[in-house]
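Coordinate inspection notes
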Amino acid sequence: VQLQACGGGLVQAGGSLRLSCAASGRTFSGYRMGWFHQAPGKEREFVAAISEGGGRISYADPVKGRFTISRDNAKNTVFLQMNSLKPEDTAVYYCAADVNGWGTLDMRPSEYEYWGQGTLVTVSS
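All of the points below concern the structure found in this document. Remember, it's a predicted structure, so these values are computed and weren't measured experimentally.

The next thing to look at is the overall build of the protein chain. The helix and strand tally for the protein chain stands at 0 helices and 11 strands. Along its sequence from the N terminus, the protein chain presents helices and strands in the succession β-β-β-β-β-β-β-β-β-β-β. Since a compact globule built from 125 residues should have a radius of gyration of about 14 Å, the 13 Å found for the protein chain is in line with a globular shape. In terms of principal-axis extent, the alpha carbons of the protein chain reach across some 40 × 25 × 25 Å. Per-residue burial for the protein chain yields a buried fraction of 45% across its 125 residues.

What follows concerns the layout of surface pockets. Of the voids in this model, the largest pocket is the one considered here, and its volume is about 230 Å³. For the largest pocket, the lining is made up of 17 residues, of which His37, Glu45, Pro62, Glu88 and Asp89 are closest to its centre. For the lining of the largest pocket, the class distribution of residues is 7 nonpolar, 3 polar and 7 charged.

Turning next to the pattern of salt bridges. Using the criterion set out here, one finds 4 salt bridges in the structure. Across the salt bridge formed by glutamate 52 and arginine 32, the nearest N and O atoms sit 3.3 Å from each other. With glutamate 52 in the loop between strand 5 (45-50) and strand 6 (57-59) and arginine 32 in strand 4 (residues 32-38), this pair connects stretches of sequence that are 20 residues apart. Assessed through its relative accessible area of 2%, arginine 32 is described here as buried. Aspartate 106 serves as the salt-bridge partner of arginine 108, at 2.8 Å between the closest nitrogen and oxygen.

Rules behind the numbers
- Residues numbered from 1 in each chain as written.
- Predicted model: local features only at pLDDT ≥ 70, side-chain atom pairs only at ≥ 80, totals over all residues.
- Heavy atoms only, no water.
- Helix = DSSP H or I, 4+ residues; strand = E, 2+ residues; numbered from the N terminus.
- Rg over C-alpha atoms; globule rule 2.2 N^0.38 Å.
- Buried < 20%, exposed > 50% of the residue type's maximum accessible area, 1.4 Å probe, protein only.
- 1 Å grid on protein atoms, 1.4 Å probe; cavity = no way out; pocket = protein on both sides within 12 Å on 5 of 7 lines; lining within 4 Å.
- Points joined across faces, edges and corners; volume = space filled by probe spheres on them.
- Nonpolar A, V, L, I, M, F, W, Y, C, P; charged D, E, K, R; others polar.
- Salt bridge = Lys/Arg side-chain N within 4 Å of Asp/Glu carboxyl O.

Below, the structure is given as structure tokens:
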């Protein structure tokens, strides 16, 4: 699986960005997708995950009500709509594929086998 993320940039606090991640190399509808972020000096953290068909979604508490994960299986793409952005959202955002997942959506980076290259989101105050 190859993943290519894009859509990051510089935005003022309160603004919005939409990240996209295009996948290739394996049937996209057959695996779960997640978004993670990593701020300077910090560990990579879970942001959101979505099941194979999009029927199950999970969010980290800090982004609930502000971020929305979605996927378009026809276009092999997962999205992260980020609204009401805060300076503490500043980080490199990564999309990741959990091709062996089952049961509850996983929040652990170690359970995701494939990763995109990351896209930088900077939120100014």
